[in-house]
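# Examining the three-dimensional arrangement
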Amino acid sequence: MSAAAAEVLKQHLIDPEVCIRCNTCEETCPVGAITHDSNNYVVDASKCNFCMDCISPCPTGSIDNWRVVKSAWGIDEQFGWSELPVQEAIAPAATGGQLEAIDVEAQALIAEAQNGAGGRAVAASSAAKPSVNLFNRDRPAMAIVAGNFCLTDESADNDVRHIILDFGDTRFPVLEGQSVGIVMAGLDGNGAPHPIRLYSVASPRHGERPNTNNIALTVKRDGPGLCSNYLCDLKKGDRVAVTGPFGATFLMPNDSSANIIMICTGTGSAPFRGFTEWRRRMMPEAQGRMLLFFGARRPEELPYFGPLQKVPETLLGKYFAYSRIAGERKIYVQDRMREQSPLLAGLLKSGATHIYVCGLKGMEQGVDAALDDICRGEGMAWRELRESMRNEGRYHVETY
Ligand code: A2P
């Protein structure tokens, strides 16, 4: 260890403004350095060994934050944060000699820390500035259920619901693509509070109808899942405790010339309903194209199937992929994308094109391989393009 490294410490931190509390980092960390409370996910500096295993699985890049400090922030301090502390200048030494050399190394460490480890996600440059972390478990926003509608057919294997939560007089600002946390009342079998579950907002920023103070969620009843059953069973008029909003990168460009390619399965469609509605209401004549690749078992299982039929193709190009239609071959979103190679390759050549992937984790690899093939067919290098799109806030993946 150099003299400078002994004086200062590079500390791994999670940005509470960007984190969507998906638990991926905590599940990934091989040394148990990541933990959470009802407010934040944090890194215990006494355990983190800088293995970087958590960096690439993080869907938002919130994990890729670093500060150079003289003594590490404790986890209790981090639990209380609503934003990361600024990088403090490491005070230059008053006199020359060895201390000055230490300062030079410290500055180099700060510069390195500010670059992150490579997983950092950024929002589209024209995206609106989100509000984050306004409500937590100790101080949730109370919403009233304004509606709970089944989105899937009676014959479907899945029960997927559209749940509208009204905030009354409470200001709960969201942008399309953000998530909220649901706090279930009561304690679990071990006497601990139930973990907060996250759901993407499925409505546009100004509500289900323009200028209503509500949000919609798309929730799939998940067998034994306590929270999904709690939400799916809610009745009109019930009160629900909500935290958030969370997420500052999976946000749509506000630029009407932006092309938006949305790829999803099942309830991963939630943010894209918000994106589509916002564009339909605010810029129906947008010159930028919007495409939706949407995978489900059958049409009867595809959330918003009916309403989607009514969205004109000029506003939204729709490509449905069904995997379980009796007597037909299994089709996944990545197959539909390959069928649209010329269209997608054309769009990928434009710096105004944004890609969003949301839904099953398993889809991520297949979609990536499809984009690789589509690019190769046109003499483009997908890996390099993906890197620059990511850096420019034009490539976003949120899978679970
Ligand atoms: P499958 O029928 O093979 O499970 P679900 O209804 O379970 O939420 O799934 C949504 C859709 O995502 C289903 O059509 C499912 O197909 C599909 N799917 C499953 N795995 C993948 C994958 N690796 N890539 C793309 N789509 C997938």
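Since the model is a prediction, treat every value here as computed from it, not as a measurement. (Residues numbered from 1 in each chain as written. Predicted model: local features only at pLDDT ≥ 70, side-chain atom pairs only at ≥ 80, totals over all residues. Heavy atoms only, no water.)

### As for the site of the ligand
Around the ligand, the surrounding shell holds 14 residues, and the nearest of these are Arg-297, Ser-323, Arg-324, Lys-330 and Tyr-332. Within the side chain of Tyr-332, one N or O atom sits 2.5 Å away from an oxygen atom of the ligand. Between a nitrogen atom of the ligand and a side-chain N or O atom of Gln-334, the distance comes to 3.2 Å. Considered on its own, the ligand offers 560 Å² of accessible surface; in the complex 83% of this is hidden by protein. Elements supplying a minimum of two residues to the shell around the ligand: β12 (290-296) and α10 (361-377). (Near = heavy atom within 4 Å. Polar contact = N/O pair within 3.5 Å; in protein donor to acceptor, adjacent residues only side chain to side chain. Areas by Shrake-Rupley, 256 points an atom, 1.4 Å probe, with all protein chains shown as cover. Helix = DSSP H or I, 4+ residues; strand = E, 2+ residues; numbered from the N terminus.)

### Focus: the sheet that holds β12
As a general point, the strands of a sheet are linked pairwise by backbone hydrogen bonds and lie either parallel or antiparallel. Read from one edge of the open sheet, five strands run β13-β12-β11-β14-β15, paired in parallel fashion. The two strands at the open ends of the sheet, each matched to only one other strand, are β13 (317-322) and β15 (395-399). Pairwise comparison of adjacent strand axes, ignoring direction, gives a mean angle of 10 degrees for this sheet. Two elements, β12 and β13, share six bridges in a ladder whose sense is parallel. Paired with Phe-294 across the strands is Phe-320, a residue of β13. (Pairing = 2+ DSSP bridges. Axes fitted to C-alpha atoms, helices over the stretch in contact; angles between N-to-C directions.)

### Some words on the nonpolar core
Core analysis: the largest hydrophobic core is formed by 31 residues, its most contacted members being Met-262, Phe-272, Phe-275, Leu-292 and Leu-308. Each residue touching Phe-275, except ones within four places of it in the same chain, is listed here: Glu-176, Gly-177, Phe-250, Leu-251, Met-252, Ile-260, Met-262, Met-290 and Tyr-356. Among the nonpolar cores identified, the runner-up in size contains 26 residues, and Leu-291, Phe-293, Leu-347 and Tyr-395 belong to it. (Core = buried A, V, L, I, M, F, W, Y, C linked by side-chain atoms within 4.5 Å. Buried < 20%, exposed > 50% of the residue type's maximum accessible area, 1.4 Å probe, protein only. Contact = heavy atoms within 4.5 Å.)

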